[in-house]
Amino acid sequence: MVNHLATDQIGFMQKSRSAIKVEVGKNSIRGGNAKNKVELVAKIIFMACAVIAVVAVLSITLYMLIKGLPALSTVGVGELLFGTVWQPTAAEPSYGIAFIILTSIVGTAVSILIGVPIGLLTAVFISEVAPKKLSAVVQPAVELLAAIPSVIYGLLGIMLLNPLMYKLEKIVFAGSTTHQFTGGSNLLSAIIVLAIMILPTVINISTSAIRAVPAQIKSASLALGATHIQTIFKVMVPAAKSGIMTGVVLGIGRALGEAMAINLVAGGSVNLPLPFNSVRFLTTQIVSEMSYAEGLHRQVLFTVGLVLFLFIMIINLILSRIEKKGAVENA
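Residues numbered from 1 in each chain as written. Predicted model: local features only at pLDDT ≥ 70, side-chain atom pairs only at ≥ 80, totals over all residues. Heavy atoms only, no water.

Another point: the pattern of salt bridges. Here the idea is simple: oppositely charged side chains can pair when their charged atoms come close. Applying the stated criterion across every chain yields a total of three salt bridges. A salt bridge links Lys218 to Glu128; the nearest nitrogen and oxygen atoms lie 2.8 Å apart. Here the residue Lys218 occupies a position in helix 7 (residues 215-223), and Glu128 occupies one in helix 3 (residues 98-129), the gap between them amounting to 90 residues. (Salt bridge = Lys/Arg side-chain N within 4 Å of Asp/Glu carboxyl O. Helix = DSSP H or I, 4+ residues; strand = E, 2+ residues; numbered from the N terminus.)

Following this line, the structure appears as structure tokens:
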């Protein structure tokens, strides 16, 4: 009798364990199915976002090509891209944008040469040199610069920078009978404003990139006998090169794409890009004339936009190749 009871109890316990295992297995399957559904939904969302981004870029490219190419065939590539006379409303219109292209190239290049070193050194100061309390004050101030609308930079340029440039212009060209005075609205003013405007982008991204460098790399350099400054510029900055290059690319995009501030301080005349000449950039060319342009004049302005678009794409590709080449050499 006792043996039968013991056998029954053992059988009951085994059945209970089996039932529990089955239930746990079912719950695991349900949980696994739920996780798989979440993963699937996340993948679909990510894929949709990627497709939207690609479609947006392709749509913009296609639209600019459709709107910008007709003027090239009508006016002629040589006259449009290499002509130096811009008179779209004359009896015999001329649509040469060579000086405008040169102005954008020179203005952007010089502003980058000024802004990037200052931005990088400021990022090094914030991330590695400054005390924490000072860094906590400087970085929000830099971020505040990024939040200032471009038109404010332009207004400050008119009120503060242009008068100073005009005084300098009068000193440099004192007694000149051929120079056309600009009142301070010239290429030099535009370069200074652009250099200031790209600083927040370069500083913020470079600071993040330098801080992202693993602490072990810095410690290893210091352990090998390198000084703090040597470690920063020989180890940490090269290690953060990818992020710093991203900041430079975005800074170039900001400089090339800026219109409002430059329109206020550059003068707006189509001239050879010399420091004290009143000049016009590709962006300000579109902003200045699109409101009243029509017919072929309007088509040419779209071509100017296409040239600007191609410039930005080419610069991005060049910097991307340089970055990849540097990564291969470091590897």
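Turning our eyes to something else, we now look at the nonpolar core. With 43 residues, the main nonpolar core has Leu80, Ile97, Val193, Phe281, Leu282 and Val300 as its most contacted residues. Only helix 1 (2-75), helix 3, helix 5 (150-172), helix 6 (187-211), helix 9 (241-257), helix 10 (260-265) and helix 12 (296-330) provide two or more residues apiece to this core. Top element by residues in this core is helix 6. It accounts for eight residues. For Leu282, the contacting residues outside a window of four places in its chain are Ile100, Ile101, Ser104, Val304, Val307, Leu308 and Phe311. Leu120, Ala123, Ile210 and Val213 belong to the second largest nonpolar core, which has 11 residues in total. (Core = buried A, V, L, I, M, F, W, Y, C linked by side-chain atoms within 4.5 Å. Buried < 20%, exposed > 50% of the residue type's maximum accessible area, 1.4 Å probe, protein only. Contact = heavy atoms within 4.5 Å.)

A cluster of nonpolar side chains, contributed by Val151, Ile152, Leu155, Leu156, Ile158, Met159, Leu160 and Met260, occupies part of the molecular surface with about 690 Å² of accessible area. No other element matches the seven residues that helix 5 contributes to the nonpolar patch. Along the polypeptide, Leu156 turns up in helix 5. (Patch = residues over 30% accessible without salt bridge, like charges linked within 9 Å, V, L, I, M, F, W, Y side chains within 5 Å. Areas by Shrake-Rupley, 256 points an atom, 1.4 Å probe, with all protein chains shown as cover.)

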